[in-house]
Amino acid sequence: VQLQAFGGGLVQAGGSLRLSCAASGRTFSKNVMGWFRQAPGKERDFVAAISSSGDNTRYAVSVKGRFTISRDVAKNTLFLQMNSLKPEDTAVYYCAARRLLGSLLAVNTGAYDYWGQGTLVTVSS
């Protein structure tokens with residue numbers, strides 16, 4: 001089972017990026033998935049989560065209104081559209097999936113069982 005995140009890069013403040021996370025080895029069509037990020041010297045923090053159907057989402061306060069999480073169940077792919085980026089959004093972004101079925105949009109890292117390798121997003125001022 002593998003989650004591969006890509007789409008990171010260097011962008012100026014106010015710009016946009018779209019992250020993707022491709023899953024292989026199994027389908028996550030019935031699992032909650034999410035995005036987390038880790039800035040240098042800091043803990044890994046919750047960014048956003050999405051239900052298996054895509055109908056329900058949850059965001060960290062710091063990104064609400066600027067980021068949008070979505071998924072393409074047929075393609076087993078997760079997305080994170082990031083707009084109005086700020087220097088404080090600079091971090092390695094990780095996608096994750098829960099093994100347990102259910103609708104809980106968990107915000108803690110321990111609730112997620114599968115992790116991608118991370119993709120670096122750098123926002124310059």
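Cut-off values and rules
- Residues numbered from 1 in each chain as written.
- Predicted model: local features only at pLDDT ≥ 70, side-chain atom pairs only at ≥ 80, totals over all residues.
- Heavy atoms only, no water.
- Helix = DSSP H or I, 4+ residues; strand = E, 2+ residues; numbered from the N terminus.
- Rg over C-alpha atoms; globule rule 2.2 N^0.38 Å.
- Buried < 20%, exposed > 50% of the residue type's maximum accessible area, 1.4 Å probe, protein only.
- Areas by Shrake-Rupley, 256 points an atom, 1.4 Å probe, with all protein chains shown as cover.
- Salt bridge = Lys/Arg side-chain N within 4 Å of Asp/Glu carboxyl O.
- Pairing = 2+ DSSP bridges.
- Axes fitted to C-alpha atoms, helices over the stretch in contact; angles between N-to-C directions.
- Core = buried A, V, L, I, M, F, W, Y, C linked by side-chain atoms within 4.5 Å.

Q: Please explain the overall build of the protein as it appears in this structure.
A: Secondary structure summary: the protein contains 0 helices and 11 strands in total. In the protein, the succession of α and β elements from N to C terminus is β-β-β-β-β-β-β-β-β-β-β. Relative to the globule expectation of 14 Å for 125 residues, the C-alpha radius of gyration of the protein, 13 Å, shows essentially globular dimensions. Across its three principal directions, the C-alpha atoms of the protein cover 40 × 25 × 25 Å. For the protein, the proportion of its 125 residues judged to be buried stands at 44%. When the accessible area of the protein is evaluated, it comes to approximately 6300 Å², of which 48% is carbon and sulfur surface.

Q: Can you help me understand the pattern of salt bridges in this one?
A: Two side chains of opposite charge can pair, provided their charged atoms sit close to one another. Evaluated as defined, the whole model comprises 3 salt bridges. Two residues, Asp 89 and Arg 37, come together in a salt bridge whose shortest N-O distance is 2.9 Å. Here Asp 89, found in the loop between strand S8 (77-82) and strand S9 (91-97), pairs with Arg 37, found in strand S4 (residues 33-38); they are 52 residues apart in sequence, far enough to count as distant. In this structure Asp 89 comes out as buried when scored by relative accessible area, which is 0%. On the accessibility criterion, Arg 37 (12% relative accessible area) is buried. Residue Asp 113 is joined to Arg 99 by a salt bridge in which the shortest nitrogen-to-oxygen separation is 3.7 Å.

Q: Please explain the sheet that holds strand S1 (residues 2-6) as it appears in this structure.
A: Each strand in a sheet pairs with another by means of backbone hydrogen bonds, the pair being arranged parallel or else antiparallel. On the basis of which strands lie adjacent, the open sheet formed by 4 strands has the order S1-S3-S8-S7 and antiparallel pairing. Unpaired on one side and paired on the other, S1 and strand S7 (67-72) mark the two borders of the sheet. Between one strand and the next, the sheet's axes are offset by a mean angle of 15°, whatever the strand orientation.

Q: I'm lost on the nonpolar core in this one. Help?
A: Soluble, globular proteins show a tendency: their nonpolar side chains are buried together. In this structure, Leu 3, Trp 35, Leu 80, Met 82 and Tyr 93 are the most contacted members of the largest nonpolar core, which totals 38 residues. Mapped by element, the contributors of at least two residues to this core are S1, strand S3 (17-24), S4, strand S5 (44-50), S7, S8, S9 and strand S11 (119-124).

That is the geometry; function is a separate question.
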